[in-house]
Amino acid sequence: MNLMELRGVSVIFEDRGGGFFKRRRFYALKNVSLNIGEDDLILVLGESGAGKTTLGRVIVGLQKPTNGSVIYKGYDVWKQKRKIYATYRREVQLVPQDPYSTLPYNKTVKEILEAPLKRWNKLSKQELEKRLVELLDMVRLSPPEDFLDKYPHQLSGGQRQRLNIARSLSVDPKLVVADEPVTMVDASLRLGLLNTLAEIKNKLHLSMVFITHDIPTARYFYHLVKRGNTIVIFGGKVVEEGDLEELLSNPYHPYTKDLINITPSIDNLYKEKPEVKINYERVDFGCPYQLRCPYVMDICKKEEPQLIGTNSHRVACYLYGGQNR
Amino acid sequence: MLLEVSDLSVIYSAGNKVVRAVNNVSFDLEKGEVLGIIGESGSGKSTLANAIIRAIKPPGKIVSGRVIYKGKDLLEMPYDEFRKIMWKEISYVPQASQNALNPVITVYDSFKYVADSHGFNDEKALREKVSELMKLVGLDPKRVLNMYPFQLSGGMRQRVMIALSMLLDPELIIMDEPTSALDMLNQELILKLIKSINKEMQISIIYITHDILNVAQIADRLFVMYKGYMMEDGKTEDIIKDPLNPYTQLLISSIPPLKGEIKNINVKEDTSYYVSGCPFLSRCDHAFERCKELPSVFLYKNRKVRCWLYEPHGA
Ligand SMILES: Nc1ncnc2c1ncn2[C@@H]1O[C@H](COP(=O)(O)OP(=O)(O)OP(=O)(O)O)[C@@H](O)[C@H]1O
Ligand SMILES: Nc1ncnc2c1ncn2[C@@H]1O[C@H](COP(=O)(O)OP(=O)(O)OP(=O)(O)O)[C@@H](O)[C@H]1O
Ligand code: SF4
Ligand SMILES: [Mg+2]
Ligand SMILES: [Mg+2]
């Protein structure tokens, strides 16, 4: 059974147009459906403003969808609140995007980790201590005793992010959304952090949604977990979906192709990069990529392409059919 | 020489604990040059930037050094004089995490505020200029100018700050992690933009980041920091192709590849507080007896490097 399902989720913000601009409905997410099974890894790729964080916030319940439903363990978390909401909010946790502003400046590691534990469980003092040590060990902040009384600013960036992970794990979640967990740490700490995160995921059989804009990072993590279904989001919509290595070796969508081509790597650093059009206007009709797509056709401007293909690789683009649905 | 930083040191003291965030840092910046400052989280990059623009606040303190801009010491001049230079001649893109945008005013009002405070009062010209800048950084002015910071994604906020730094056509822009929250296409866009303002308008840039691939695409020169110390300073291409300092070597070897086989890489992490000796000692594979002492800076292959491995023999 699926642990969680998003069914046709849209998140719409009303832009407040001050003065001479009219109000406009802005789709941060549009009709996104996603199944997350137990022990699954879902990788989310997409550019800045694509809606990745919004998707993460919908999954953990910080953002209520405007349309569509969020189903956890078979219950609609917003319509059957009494049945599932408390369990859901405890079992689905977020490692937030910005490790700096999300850790309180004036609290010690111990206080930071204790807060969620006390909120959800009744633990004796000894049990609490034991759990704290366990958590710090798990994220490799060791020896734990050295860290309990430290403040966030006394930790390195990598250590701070480990603390964030420990905090999200403290209440035994079933599903963790990691929103760009390594974006703000340098390459030499990044791998260690990814190793730890994967080790925890594999050991506890956690389901995980891993958000990143960096393909090499996604690839490294995929390799550690040995699988990973990937969704590529553009303009609030899922434009391609499939196993990561399959998607990278055989990308369908023009956006995915552009994304791969533009990614720097140590061996192509001084090669001339292909020209990619950038245009941030959003369209009201048709394919979200039409303003940047080199292959755009008439139909792309009229109707939205639907996701089609096999279970293991799907794309929403008229170059691959999709109009007859 | 546009900017000359010499022997700059900054500490933070809390109670009896002292953090030596920046230690005797020196570098020069020529007009039109792009200098990349790179180092891991906590290595003192932001502190260094803040020191240059006199933005160190208690418990932080500059304990030594000079910052000479066009022949004048920024740290010594009266604050009023410095304020006229700030934004007009030297501007700054703060790190995203520092929440630099005022949360209760719209994006447009943030621009207006900076413009007003430097006597740029022509509202119509300002609107045009701001819209133009927004487009340059890939944002839709119609949508974004009326928004409040919380309505922007992480990357959008960074791009707004970059636009703001260009508002008054400065000569030097200090950018603190301007693209680290951005995806590749946006990084590409911003890098191109920075390159073009650098080439066409001869604007000098100090570009701070922890991402070596990113900075390598834009910087003429790299300045590698570790725990507040300069570890290596040289031409970008030289450093990427042949890193000398073991920390720089580690940085370059820990980038996972885009294609081909992926190997599990285990990276040694820092386990203890730094007290003395080489700042990289606890993670270094080449460490030897000598490293218990703080290495001096050696000149080697046209580069400055802080590491005992490069001590000239017979010296
Ligand atoms: N409260 C809000 N009001 C209006 N628009 C919002 C709000 N929150 C998010 N948005 C918009 O939704 C879009 C998606 O934002 P989101 O933070 O999900 O992007 P992201 O993919 O995480 O980007 P990044 O990589 O830059 O973090 C953006 O255009 C943003 O402006
Ligand atoms: N206000 C402060 N009070 C005490 N210590 C501080 C303060 N600000 C910074 N520090 C310490 O100074 C050192 C350097 O911090 P700085 O923010 O300059 O690093 P950075 O290289 O910019 O890191 P990052 O990549 O995380 O932004 C760190 O050890 C940090 O904990
Ligand atoms: S549907 Fe059309 S515009 Fe969209 S990606 Fe495919 S070809 Fe390009
Ligand atoms: Mg985000
Ligand atoms: Mg910083």
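Up top you'll find the structure we're talking about.
The structure presented is a predicted model; accordingly, all values stated were derived computationally and were not measured.

Draft legend 1. Quick peek at the coordination of the magnesium ion (ligand 5). Residues and elements named next belong to chain B. All of the protein donors around the magnesium ion (ligand 5) are Ser46 (OG) and Gln95 (OE1); their distances to the metal are 1.9 to 2.1 Å. One end of the pair, Ser46, is in helix 1 (residues 45-52); the other, Gln95, is in the loop between strand 6 (90-93) and helix 3 (107-117), and 49 residues separate them in sequence. By relative accessible area, which is 11% here, Gln95 ends up buried.

Draft legend 2. The arrangement of the sheet that holds strand 1 (residues 3-14) of chain B in detail. Residue and element names in this part refer to chain B. Strand order in the open sheet formed by 4 strands is 2-1-4-5, with antiparallel pairing between adjacent strands. Strand pairing shows two members of the sheet lacking a second neighbour, strand 2 (17-29) and strand 5 (72-73), which therefore form its edges. For strand 1 and strand 2, the ladder comprises 9 bridges, and the chain directions are antiparallel. By the bridge assignment for strand 2, Ser13 is matched with Val18. In the packing of helix 1 onto the sheet, contacts are made with strand 1, strand 2 and strand 4 (60-69), and the angle to strand 1 comes to roughly 115°.

Draft legend 3. Summary view of the interface of chain A and chain B. Counting from both sides, the interface comprises 54 residues of chain A and, opposite them, 58 residues of chain B. Approximately 5,200 Å² of surface area, both sides summed, lies buried where chain A meets chain B, with 59% of it carried by carbon and sulfur atoms. Summed over the shared surface of chain A and chain B, the number is 0 salt bridges. Seen at the junction of chain A and chain B, the total is 3 residue pairs in polar contact (both at pLDDT 80 or more). Elements represented by at least two residues in the side of chain A that touches chain B include exactly helix 5 (157-169), helix 6 (187-204), helix 7 (215-225) and helix 9 (254-262) of chain A. Among the elements that make up the side of chain A that touches chain B, the one with the highest residue count is helix 6 of chain A (8 residues). Class assignment for the residues of the side of chain A that touches chain B results in 24 nonpolar, 16 polar and 14 charged.

Draft legend 4. Spotlight on the site of ligand 1. Not every one of the 22 residues close to ligand 1 is listed here, only the nearest: Gly49, Lys52, Thr53 and Thr54 of chain A together with Gln151 of chain B. Bordering ligand 1 are residues originating from chains A and B. Contacts to ligand 1 include Gly49 of chain A, whose backbone N or O atom sits 2.8 Å from an oxygen atom. The contact in question runs from an oxygen atom of ligand 1 to an N or O atom on the side chain of Arg143 of chain B, over 3.3 Å. Every element with two or more residues in the shell around ligand 1 is listed here: strand 2 (24-37) and helix 1 (52-60) of chain A together with helix 6 (154-165) of chain B. The residue makeup of the shell around ligand 1, split by class, is 8 nonpolar, 10 polar and 4 charged.

Draft legend 5. Molecular detail of the sheet that holds strand 12 (residues 303-306) of chain B. Residues and elements named next belong to chain B. One open sheet accounts for 8 strands, arranged 6-7-8-3-9-10-12-11; its pairing is mixed. The open sheet is flanked by strand 6 and strand 11 (297-300), the only strands paired with a single partner. Within the sheet, the average angular offset between the axes of one strand and its neighbour, ignoring direction, is 20°. Where strand 7 (residues 172-176) meets strand 8 (residues 204-209), 5 bridges bridge the pair, whose relative direction is parallel. Following the sheet pairing, Ile173 is matched in strand 8 by Ile205. Where helix 6 meets the sheet, its contacts fall on strand 6 and strand 7, and the angle it forms with strand 6 comes to roughly 175°. Most of the contacts of helix 10 (residues 246-253) go to strand 9 (residues 221-226), to which it runs at about 105°, and overall it touches strand 3 (34-38), strand 9 and strand 10 (229-235).

Draft legend 6. Structural context of the packing of aromatic side chains. Across all of its chains, the model carries 15 aromatic pairs over all chains by this definition. With 4.6 Å between their ring centres and 50° between their planes, Tyr226 of chain B and Tyr247 of chain B make a pair best called tilted. With a gap of 21 residues between them, Tyr226 of chain B in strand 9 and Tyr247 of chain B in helix 10 connect regions that are remote in the sequence. Of the two residues, Tyr226 of chain B and Tyr247 of chain B, both sit in the buried class. A connected cluster of aromatic rings, assembled from ring pairs, spans Tyr72, Trp78, Tyr85 and Tyr88 of chain A. For Arg290 of chain B, the ring lying beneath its charged end belongs to Trp308 of chain B, and the centroid distance is 3.9 Å.

Draft legend 7. Geometry of unusual backbone geometry. Following Pro58 of chain B, the chain continues to Pro59 of chain B via a peptide bond in cis, the omega torsion being 10°. Tracing the chain through its elements places Pro59 of chain B in the loop between helix 1 and strand 4. If you check the backbone angles, Asn31 of chain A has positive phi at about 50° while not being a glycine. Looking at the element boundaries, Asn31 of chain A is found in strand 2. Of note in this structure, Gln202 of chain B is not a glycine but carries a positive phi near 55°. Relative to the helices and strands, Gln202 of chain B is located in the loop between helix 7 (184-201) and strand 8.

Draft legend 8. Broad picture of the packing of helix 6 of chain A against helix 7 of chain A. Residues and elements named next belong to chain A. In the contact formed by helix 6 and helix 7, the axes pass within 9 Å of each other and the chain directions differ by 35°. Two packed elements cross with a definite hand, and for helix 6 against helix 7 that hand is right-handed. Residues Arg190, Leu191, Leu194, Asn195, Leu197, Ala198, Lys201 and Asn202 of helix 6 form the contact with helix 7, whose participating residues are Thr217, Tyr220, Phe221, Leu224 and Val225.

Criteria and thresholds
As a convention, each chain's residues are numbered from 1 in the sequence order in which they are written. Chain A is the first chain written and ligand 1 is the first ligand written, with later ones labelled in order. Local features in a predicted model are, by the rule used here, given only for residues with pLDDT of at least 70; side-chain atom pairs are given and counted only at 80 or more, and totals for whole chains, interfaces and linings are based on all residues. For the side-chain quantities, the full set of heavy atoms in the structure was used; hydrogens and water were omitted. Any N, O or S atom lying within 2.8 Å of the metal counts as a donor, with the limit raised to 3.2 Å for Na, K and Ca; because water is left out of the atom set, some sites can appear incomplete. Only DSSP runs of H or I reaching four residues or more are called helices, and only runs of E reaching two or more are called strands; each is numbered from the N terminus. Working definition: with a 1.4 Å probe on protein chains only, accessible area under 20% of the residue-type maximum means buried, over 50% means exposed, and in between means partly exposed. Paired strands, as defined in this entry, are two strands with at least two bridges between them according to DSSP. Contacts are assigned to residue pairs that have any heavy atoms within 4.5 Å of one another. Lines fitted to the C-alpha atoms define the axes, with helices restricted to the stretch that makes contact. Angles between their N-to-C directions range from 0 to 180 degrees. Note on terms: buried area is the combined drop in 1.4 Å-probe accessible area of two parts once they are placed together, counting the loss on both. We define a salt bridge as a contact between a side-chain nitrogen of Lys or Arg and a carboxyl oxygen of Asp or Glu at a distance within 4 Å. Identification of polar contacts relies on pairs of N or O atoms within 3.5 Å, with a donor-acceptor requirement for protein atoms, meaning one able to donate a hydrogen and the other able to accept it, and with residues adjacent in sequence counted only if both atoms are side-chain atoms. Only Asp, Glu, Lys and Arg are considered charged in this grouping, and only Ala, Val, Leu, Ile, Met, Phe, Trp, Tyr, Cys and Pro are considered nonpolar; every other residue, Gly among them, is considered polar. Residues are labelled near a given molecule or strand when at least one of their non-hydrogen atoms is within 4 Å of it. For Phe, Tyr and Trp, where Trp contributes only its six-membered ring, two rings pair if their centres lie within 6.5 Å, and the inter-plane angle classes them as stacked under 30 degrees, edge-to-face over 60, or tilted in between. Here, a charge over a ring is recorded when the distance from Lys NZ or Arg CZ to the ring centre is within 6 Å and its angle to the ring normal is within 35 degrees. A crossing counts as left-handed when the near helix is turned anticlockwise from the far one by less than a right angle, and as right-handed when that turn is clockwise.

By themselves, these are just geometric observations and shouldn't be taken as functional.
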